[in-house]
Amino acid sequence: MNRLLRTSAIRLSLRYAVLYMLVAGTGLAVLYWATSRYVDAQIQAGLEHHVDSLKALYETEGSVGLMRALEGRGLADEPENHRFVLYMDKSGGRLTGDLKSWPPEAQPDEQVRNIWIEDNLIPLAMEDHDGYWPSIATSFPDGSRLLVAQSVRQAEDLQEFILGTLFATLGMIISLTLVLGWRMGRQLLARIDQVNTTAGKILNGHLDKRIPLSGSNDEFDELAQNLNTMLDHINRLIHGMRQVTDNVAHDLRRPLTRLRNRLDVTLLEPRDPDTYRESLEATRNDIEEVLKTFNALLEIAQAESGHFRGEMEMLSLSALASQLGEMYADLFEEQGQQLEVAIEPDICIRGNRQLLAQSISNLLENAHKYAGAKAHMKLSLRHDQAMVLLSVSDNGPGIPKDRQQDVLQRYVRLDTARSTHGNGLGLSLVSAIAKLHQAHLALEDNEPGLIVSLRFTPMKCTSEQ
Amino acid sequence: MHLLLIEDDREAAAWLIKGLQAMGHVVDHAADGEDGLHLALTGDYDVLIVDRMLPKRDGLSIIRMLRADGNLTPALVLSALGEVDDRVEGLRAGGDDYLVKPYAFDELVARLEVLTRRHKEQVPATQLKVADLILDLTTHKVSRAGQIIRLQPKEQQLLEYLMRHQDQIVTRNMLLEHVWDFHFDPQTNVVDTQISRLRSKIDKDFGMPLLHTIRGRGYRLSENE
């Protein structure tokens, strides 16, 4: 309850309630004032009209005719009008009418005036009450006087009714604002509670928990979505870190152990300088390998996490692939292999030149290493429907179909790769770099051999490329 | 050469100094950024070796201060930060070369040599010449003993780099970086193949070999053995 009062929603709704009250109150007050004026004007016009008609009657039928008409009208026979009359002769004798005597204030000036009417002037049967009644008094040539007074009761009734309606409306507006504000506040709280509960769970170590979405695509959903994306990202980073730690431990322990063993054995007994040198050189080479593995692991983790600070630029993949193809073709040829380079010109993508070069180089070096001594390899870059397809294929032993997906998994290596020279992280790095470039990496059967392909989204080459 | 080493890892610095002295260089050492800046501003050095992360003042800011002061002493930045952009940042700050830790000692030495040479030869030449091998920089023609040699564009760039650093040892990584602009280590000896191709064109049909392989370190283009 306390919390609910503290929420901004309830505060806002209270503020709005007050504001609405002011606005509606002012509006209703104006309405009330206008209605009163209208009623007053109606009464006045009615009175004037009534007096005029009585005067006309006097002119045609004289005093007697007027008296007859007034008597025939009966005692306040128009109770809906609550109009009271009094007709008196010139000496002040009461001739006829509803009122009992002439109020002292009334002057026969034919003007509508508010005249104080005492209770004792009103016949009991009328059940009316005293007050300032709008009245008109007039005198006739024979000295007789006529007073027509309008009871204020009808106007009061109307005013009361209007006021009542106005207050009821005001009350409804306030309570509606409060109720709606209250409900909004509770809904808001419920949504925030979800965020809080999730945050609490995550704090308690359930890193995979996410904030549920309401599906309404409102600001809260957007907030939840953003928080979830952020959490996913953080999770990936943490995951990457863990992977790196695990893999550094796994991949470096073996060579480091080997290194240590060699040094231990060398130092076991005095040796001649040549043996020391040999041992130190072997150690240096081992360290070189350890460092390469270490760097590859770091690069993979960096690319995998999507955390890459390097520049992504428009570049010509055609130029880059040609350059690498040319560079490696000579090397492969020298070793009895063949590299065919088939590259469509002017294919540009958005990417990081160094990472892409490393990917292509890794693919070429993999083919070179695993495809066999006389292998025929092909580096190709071409348009493929809406995408561009970069592929390195060979006619070597390939990778068994059931293991093709495995090698794309992080750090999964085939046993054959372990025994070969190199750290075997080449394809993992390619996979990570592909992900960073939103490229799709696929392994296919070349029958015989392997095709590794990367599908990029092409961009329009600008003149610089 | 008179070198200034600004490096806060004292043990690494001690080994580095030992190695550089063994090669005949005079080395001053500063263990933090402020000392380093002070020495660099007051001393006269051939090359500065600056670690990127230092106590008191970071390495890039030392180089920036020096450059702002008009001091153009070549600086080699050493760093444990190896991402592509870190390198760019290092070079933008006014560093002349960037070496990611851990590096091979030979690599460091080769780069130091190149930096001093580059600093000294400021006059733009119209042709490069090693013995009877000539690369004309205006016509882009290569000839040896008066005989025109046709080279592929990459071969020509490779030759130009080697000629500009004649008599110096140039490592494989230096070639990859400067000729191909690749900053990663290939697992294969792809550079060697390119070198031997170049060698077959400029050396094979001529008596005296100019392009030498220095085992375990790199290459040197020189008329001396």
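Note that the structure is predicted; figures quoted are calculated from it, not measured. Each chain carries its own residue numbering, running from 1 in the direction its sequence is written. Each chain gets a letter, beginning with A, and each ligand a number, beginning with 1, in the order they are written. At least 70 in pLDDT is required for a residue's local features to be given in this predicted model, at least 80 for side-chain atom pairs to be given and counted, and no such filter applies to totals for whole chains, interfaces and linings, which use all residues. Only hydrogens and water are set aside when side-chain values are computed; all heavy atoms of the structure are taken into account.

So, about the overall build of chain B. Numbering goes from the N terminus for both helices and strands, where a helix is a DSSP run of H or I of at least four residues and a strand is a run of E of at least two. Along its length, chain B carries 8 helices and 11 strands. The contact criterion used throughout is that any non-hydrogen atoms of two residues lie within 4.5 Å. Pairs at least 24 apart in sequence give 57% of the contacts found in chain B among residues at least 6 apart. Calculation of accessible area relied on Shrake-Rupley with a 1.4 Å probe; when residues are assessed, cover is drawn exclusively from the protein chains displayed. Accessible surface for chain B amounts to roughly 10600 Å². Of this, 50% is attributable to carbon and sulfur atoms.

A few words now on the sheet that holds strand S3 (residues 113-117) of chain A. Residue and element names in this part refer to chain A. For two strands to count as paired, DSSP must find a minimum of two bridges between them. With respect to topology, 5 strands assemble into an open sheet ordered S2-S1-S5-S4-S3, the strand pairing being antiparallel. Each edge of the sheet is formed by a strand with only one pairing partner; in this case those strands are strand S2 (94-97) and S3. Each neighbouring strand pair of the sheet contributes to a mean axis angle of 30 degrees, computed without reference to strand direction. Of the pairings in the sheet, the one linking strand S1 (residues 83-88) to S2 comprises 3 bridges and is antiparallel in character. Along S2, the bridge assignment pairs Tyr-87 with Thr-96. Helix axes are fitted to C-alpha atoms over the stretch in contact, other axes to C-alpha atoms as well, and angles between N-to-C directions run from 0 to 180 degrees.

Residue-level contacts link 23 residues of chain B with 27 residues of chain A. Carbon and sulfur atoms supply 51% of the area buried between chain B and chain A, which totals about 2500 Å² over both sides. The definition of a polar contact used here is a pair of N or O atoms within 3.5 Å, where within protein one atom must be able to donate a hydrogen and the other to accept one, and adjacent residues in sequence count solely through side-chain atom pairs. Where chain B touches chain A, the interface holds 8 residue pairs in polar contact (both at pLDDT 80 or more). Taken together, the elements giving at least two residues each to the side of chain B that touches chain A come down to helix H4 (84-92), helix H7 (172-180) and helix H8 (190-202) of chain B. Here the quantity called buried area is the total loss of accessible area, with a 1.4 Å probe, experienced by two parts when brought into contact, counted for both.

All names here are of chain A. Across the sheet, which stays open at both edges, the 5 strands sit in the order S7-S9-S10-S12-S11 with mixed pairing between neighbours. The outermost strands of the open sheet, each flanked by one partner alone, are strand S7 (338-343) and strand S11 (440-445). Each strand axis lies, on average, 15 degrees off the axis of its neighbour in the sheet, ignoring direction. Here S7 runs beside strand S9 (residues 376-384); their pairing, made up of 6 bridges, is parallel. Looking at S9, one finds that Gln-338 is bridged to His-376. Against the sheet, helix H6 (residues 317-334) engages S7, S9, strand S10 (387-394) and strand S12 (450-456), with an angle of about 165 degrees to S7.

Residues and elements named next belong to chain A. Direction vectors running N to C along H6 and helix H7 (residues 353-370) enclose 35 degrees, while the axes themselves pass 10 Å from each other. The interaxial crossing formed by H6 with H7 has right-handed handedness. The residues of H7 that touch H6, namely those facing Leu-317, Leu-320, Ala-321, Gln-323, Leu-324, Tyr-328 and Phe-332, are Arg-353, Leu-356, Ala-357, Ile-360, Ser-361, Leu-364, Glu-365 and His-368. Note on residue categories: nonpolar means Ala, Val, Leu, Ile, Met, Phe, Trp, Tyr, Cys or Pro, charged means Asp, Glu, Lys or Arg, and polar means any other residue, Gly included. Looking at the contact of H6 with H7 residue by residue, the class counts come to 10 nonpolar, 3 polar and 2 charged. Should the near helix be turned counterclockwise from the far one by less than a right angle, the crossing is left-handed, whereas a clockwise turn marks it as right-handed.

Right, let's talk about unusual backbone geometry for a bit. Trans is the common state for peptide bonds, and a negative phi is the common state for residues other than glycine. Put simply, Glu-447 of chain A and Pro-448 of chain A share a cis peptide bond, and its omega is -5 degrees. Topologically, Pro-448 of chain A is positioned in the loop between S11 and S12. In this structure, the amide linkage connecting Lys-101 of chain B to the following residue, Pro-102 of chain B, adopts the cis form with an omega of -5 degrees. For Glu-447 of chain A, which is not a glycine, the phi torsion comes out positive at approximately 45 degrees. Its place among the elements puts Glu-447 of chain A in the loop between S11 and S12. Relative accessibility under 20% of the residue-type maximum defines a buried residue, over 50% an exposed one, and the middle range a partly exposed one, all with a 1.4 Å probe and only protein chains included. Given the relative accessible area of 65%, Glu-447 of chain A is considered exposed.

Let us now look at the environment of Gly-93 of chain A. Residues and elements named next belong to chain A. Note on placement: Gly-93 falls in the loop between S1 and S2. Gly-93 sits in the partly exposed class, given a relative accessible area of 24%. Measuring from C-alpha to C-alpha, the distance between Gly-93 and Arg-145 comes to 10.0 Å, with 52 residues separating the pair along the chain. With sequence-adjacent residues up to four places away left out, Gly-93 is seen in contact with Tyr-87 and Met-88.

Attention now goes to the state of the cysteines. Residue and element names in this part refer to chain A. Whenever a pair of cysteine sulfur atoms sits within 2.5 Å, that pair is classed as a disulfide. Going through the model one piece at a time under the given rule, you end up with 1 disulfide over all chains. Here Cys-348 connects covalently by a disulfide to Cys-461, the sulfurs 1.9 Å from one another. Here Cys-348 and Cys-461 share a disulfide; its torsion about the S-S bond, 105 degrees, makes the bridge right-handed. Within this pair, whereas Cys-348 is found in strand S8 (residues 348-351), its partner Cys-461 is found in the segment after S12, the two being separated by 113 residues in sequence.

Now for the packing of H6 of chain A against H8 of chain B. Across the interface, H6 of chain A lies against H8 of chain B with an axial gap of 8 Å and an inter-helix angle of 85 degrees. Taken together, the axes of H6 of chain A and H8 of chain B lie roughly perpendicular to each other. Residue-level contacts link Glu-326, Met-327, Tyr-328, Asp-330, Leu-331 and Glu-334 of chain A of H6 of chain A to Val-190, Thr-193, Gln-194, Ser-196 and Arg-197 of chain B of H8 of chain B. When an angle is under 35 degrees it counts as roughly parallel; over 145 it counts as roughly antiparallel; between 65 and 115 it counts as roughly perpendicular; any other value is oblique.

We now examine the side chain of Asn-228 of chain A. Residues and elements named next belong to chain A. Considering the arrangement of structural elements, one finds Asn-228 in helix H4 (residues 219-266). Judged by its relative accessible area of 8%, Asn-228 falls in the buried class. Each residue touching Asn-228, except ones within four places of it in the same chain, is listed here: Arg-210, Ile-211 and Leu-213.

Below, the discussion takes up the pairing of strand S11 (residues 218-221) of chain B. One ladder, built from 4 bridges, connects strand S10 (residues 211-214) of chain B with S11 of chain B; its direction is antiparallel. Bridged to His-212 of chain B within S11 of chain B is Arg-220 of chain B.

Residues and elements named next belong to chain A. The element helix H10 (residues 426-436) is extensively covered by neighbouring structure, given that 10 of its 11 residues are classed as buried. Here H10 has its buried residues at Gly-426, Leu-427, Ser-428, Leu-429, Val-430, Ser-431, Ala-432, Ile-433, Ala-434 and Leu-436. Note on H10: the residue one or two positions beyond its end, Gln-438, has a positive phi of about 55 degrees.

What follows deals with the packing of aromatic side chains. Note on aromatic pairs: the rings of Phe, Tyr and Trp (six-membered ring only in Trp) are paired at centre separations within 6.5 Å, and the planes decide the class, stacked below 30 degrees, edge-to-face beyond 60, tilted for the rest. Within this structure, the stated rule accounts for 5 aromatic pairs over all chains. For the pair Trp-116 of chain A and Tyr-132 of chain A, a centre-to-centre distance of 5.0 Å together with 65 degrees between the ring planes defines the contact as edge-to-face. Of this pair, Trp-116 of chain A sits in strand S3 while Tyr-132 of chain A sits in strand S4 (residues 131-139), placing them 16 residues apart in sequence. Given the relative accessible area of 29%, Trp-116 of chain A is considered partly exposed. Seen from their ring centres, Tyr-328 of chain A and Phe-332 of chain A are 5.7 Å apart, and the 40 degrees between their planes marks the pair as tilted. Within this pair, Tyr-328 of chain A and its partner Phe-332 of chain A are both found in helix H6, separated by 4 residues, close to a single helical turn. Here Tyr-328 of chain A falls in the buried class, since its relative accessible area comes to 1%. Assessed through its relative accessible area of 0%, Phe-332 of chain A is described here as buried. Geometrically, a lysine NZ or arginine CZ counts as sitting over a ring once it is within 6 Å of the ring centre and also within 35 degrees of the ring normal. Directly above the aromatic system of Trp-102 of chain A lies the positively charged group of Arg-145 of chain A, at a separation of 4.7 Å from the ring centroid. The ring of Trp-15 of chain B carries Lys-18 of chain B above its face, with NZ or CZ at 4.6 Å from the centroid.

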